[in-house]
Amino acid sequence: MNQKIEGILPEVKASLSFEGLQITEEEEKLIKAALSGDISRATFLKKARELAENQ
C-alpha cells in the first residue's frame, strides 16, 4: 500500500500544481497517514480543518 501511495502522490501534486495549488509537507504527511489507515477519517478531517484554519 505504501508503494502505491508513494506512486500516486507525485501525480496528485502535478495535478494540483496545474491548477495553481500546492500541498505542504505537513499536509502530505496527513494524507499519507489517512491513506495508509494510520488515522481515522474523523481525525483526518479534524487535522485538515486545523491546517486550513492556520494558513
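Reading the values: rules and limits
- Residues numbered from 1 in each chain as written.
- Predicted model: local features only at pLDDT ≥ 70, side-chain atom pairs only at ≥ 80, totals over all residues.
- Heavy atoms only, no water.
- Helix = DSSP H or I, 4+ residues; strand = E, 2+ residues; numbered from the N terminus.
- Buried < 20%, exposed > 50% of the residue type's maximum accessible area, 1.4 Å probe, protein only.
- Polar contact = N/O pair within 3.5 Å; in protein donor to acceptor, adjacent residues only side chain to side chain.
- Axes fitted to C-alpha atoms, helices over the stretch in contact; angles between N-to-C directions.
- Parallel < 35°, antiparallel > 145°, perpendicular 65-115°, else oblique.
- Contact = heavy atoms within 4.5 Å.
- Nonpolar A, V, L, I, M, F, W, Y, C, P; charged D, E, K, R; others polar.
- Left-handed = near helix turned anticlockwise from the far one by under 90°.

### Thoughts on the environment of Glu27
Phase 1 of the analysis: The residue Glu27 is located in helix α2 (residues 25-35) in this model.
Phase 2 of the analysis: Overall, Glu27 belongs to the buried group, its relative accessible area being 18%.
Phase 3 of the analysis: Each C-alpha atom of the pair Glu27 and Ala52 lies 9.6 Å from the other, and the pair is 25 residues apart in sequence.
Phase 4 of the analysis: A polar side-chain atom of Glu27 sits 2.8 Å from a polar atom in the side chain of Gln55.

### Remarks on the packing of α2 against helix α3 (residues 41-53)
Phase 1 of the analysis: For the pair α2 and α3, interaxial distance at closest approach is 10 Å and the crossing angle is 170°. In terms of orientation, α2 and α3 fall into the roughly antiparallel class. Residue-level inspection shows Glu26, Glu27, Leu30, Ile31 and Ala34 of α2 in contact with α3, the latter providing Phe44, Lys47, Ala48 and Leu51.
Phase 2 of the analysis: Classifying every residue of the contact of α2 with α3 gives 6 nonpolar, no polar and 3 charged.

### Here we look at the packing of helix α1 (residues 2-18) against α2
Phase 1 of the analysis: Put simply, α1 and α2 touch, their axes get as near as 12 Å, and they point 135° apart. Between α1 and α2, the angle falls in the class oblique. Viewed along their axes, α1 and α2 form a crossing whose handedness is right-handed. Along the contact surface, α1 presents Ile5, Glu6, Leu9 and Lys13, while α2 presents Glu28, Ile31, Lys32 and Leu35.
Phase 2 of the analysis: Considered class by class, the residues forming the contact of α1 with α2 number 4 nonpolar, no polar and 4 charged.

It is worth stressing that arrangement in space is one thing and function is another; only the former is reported here.
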